[in-house]
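# Structural overview for review
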Amino acid sequence: MNIDLLAVGQKMPGWVAQGYQEFARRLPAECTLRLTELAAGKRGKNADVQRIVRDEGERMLAAIPKSVLVVALDVGGRSWSTEQLAQRLEGWMGEGRGVALLVGGPEGLAQRCIERAELRWSLSPLTLPHPLVRIVVAEQLYRAWSILNNHPYHRG
C-alpha cells in the first residue's frame, strides 16, 4: 500500500527533510510513504490569500492519485490516538487501497480539498508549523506500523 503525503511547500529546511526521511525510510515496502511537495502561492503584502489557497487546492486535487482514500489534515477534523491510527492503518492496508494525506499551506487547506476528503484528521488542537506536520505524520505512521507488528519502537 502506498501512502501519499501531499503537502504545500517546497525547499524545506534540512532538519525537516532529515526528520521526515528518518521515519519514512523505516516503513516497509508494504506501507510506503511518499512525499509530494506542491508549490506554495506567492504571498506578499497585497496578496489575494483566498485565491492563493484556492489555486494551491487545485494543484493538490490534481496530484491526488486515482482510487485512493483521501484524508485531509485539518484542525477541524477528529483527533486519533496512536492506537486508533494503528487500527485505521490496519484497515487501510487490509483494503489494499492507497491513501492520500493532504497538508495545506500556512492558511490551511482549500475548501474543495476538505470536501474531497473522506476523512478529516486533526493532529492537535495546536497550530503546528506546516513543515513540522510532515515529520509528525511520518513518525506517527511508523509508530502505528510498529504497534501492528509488535515492533519495540512503540513502548506506549
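None of these values were measured; they are calculated from a predicted model.

## Thoughts on the nonpolar core
Formed by 29 residues in total, the largest nonpolar core has its most connected members in Ile3, Leu33, Val71, Leu89, Trp92, Leu101 and Leu141. Elements with a minimum of two residues in this core: β1 (2-8), α1 (14-24), β3 (69-78), α3 (82-95), β4 (99-103) and α5 (130-148). Examining the composition of this core, we find that 7 residues originate from one element, α5, more than from any other. Look past the residues within four positions of tryptophan 92 in its chain and what remains in contact with it is Met1, Leu69, Val71, Trp80, Leu85, Arg97, Val99 and Leu119. Core analysis: the next-biggest nonpolar cluster, separate from the first, contains 17 residues, Leu38, Val53, Ala100 and Leu102 among them.

## Quick word on the pairing of β3
The side chains of a regular strand alternate, residue by residue, between the two faces of the sheet. In terms of burial, β3 is largely enclosed, as 7 of its 10 residues are buried. Alignment of β3 against β4, held across 4 bridges, turns out to be parallel. Along β4, the bridge assignment pairs alanine 72 with leucine 102. Crossover handedness for the path β3 to α3 to β4: right-handed. Pairing of β3 with strand β5 (residues 119-121) involves 4 bridges; the strand directions are parallel. Its bridge partner being in β5, leucine 73 is matched across the sheet by tryptophan 121.

## Description of the pattern of salt bridges
Within the structure shown, the criterion is met by 9 salt bridges. Note that aspartate 55 is salt-bridged to arginine 51, the shortest N-O span being 3.1 Å. Here aspartate 55 and its partner arginine 51 are both found in helix α2 (residues 49-63), 4 residues apart, which amounts to about one turn of the helix. A relative accessible area of 30% means that aspartate 55 is categorised as partly exposed. Assessed through its relative accessible area of 37%, arginine 51 is described here as partly exposed. Counted as one network, the salt bridges with shared partners bring together Glu22, Arg25 and Arg26.

## Overview of the packing of α1 against α5
Interaxial distance between α1 and α5 falls to 8 Å at its minimum, and their mutual angle equals 15°. Compared by their axis directions, α1 and α5 come out roughly parallel. Here the hand of the crossing between α1 and α5 comes out left-handed. Residue-level contacts link Trp15, Val16, Gly19, Tyr20, Phe23 and Ala24 of α1 to Pro131, Leu132, Arg134, Ile135, Ala138, Glu139 and Tyr142 of α5. Of the residues that constitute the contact of α1 with α5, the class distribution is 10 nonpolar, 1 polar and 2 charged.

## Describing unusual backbone geometry
Leave glycine aside and you will find that most residues have negative phi; peptide bonds, for their part, are mostly trans. Here lysine 11, not a glycine, exhibits a phi torsion of approximately 55°, which is positive. Considering the arrangement of structural elements, one finds lysine 11 in the loop between β1 and α1. Positive phi, close to 50°, is recorded for asparagine 150, a residue that is not glycine. The residue asparagine 150 is located in the segment after α5 in this model.

## Observations concerning the sheet that holds β3
Spatial ordering of the open sheet is given by β2-β1-β4-β3-β5, a layout of 5 strands whose pairing is parallel. The sheet is open, and its two edges are formed by β2 (32-38) and β5, each paired on a single side. Adjacent strand axes in the sheet meet at a mean angle of 30°, parallel and antiparallel pairs treated alike. Strand direction decides the pairing type here: β1 and β2, joined by 7 bridges, are parallel. Looking at β2, one finds that leucine 5 is bridged to leucine 35. Lying over the sheet, α2 contacts β1, β2 and β4, oriented at roughly 165° with respect to β1.

Reading guide: rules and limits
Residues numbered from 1 in each chain as written. Predicted model: local features only at pLDDT ≥ 70, side-chain atom pairs only at ≥ 80, totals over all residues. Heavy atoms only, no water. Core = buried A, V, L, I, M, F, W, Y, C linked by side-chain atoms within 4.5 Å. Buried < 20%, exposed > 50% of the residue type's maximum accessible area, 1.4 Å probe, protein only. Helix = DSSP H or I, 4+ residues; strand = E, 2+ residues; numbered from the N terminus. Contact = heavy atoms within 4.5 Å. Pairing = 2+ DSSP bridges. Right-handed = clockwise from strand over helix to strand, strands pointing away. Salt bridge = Lys/Arg side-chain N within 4 Å of Asp/Glu carboxyl O. Axes fitted to C-alpha atoms, helices over the stretch in contact; angles between N-to-C directions. Parallel < 35°, antiparallel > 145°, perpendicular 65-115°, else oblique. Left-handed = near helix turned anticlockwise from the far one by under 90°. Nonpolar A, V, L, I, M, F, W, Y, C, P; charged D, E, K, R; others polar.

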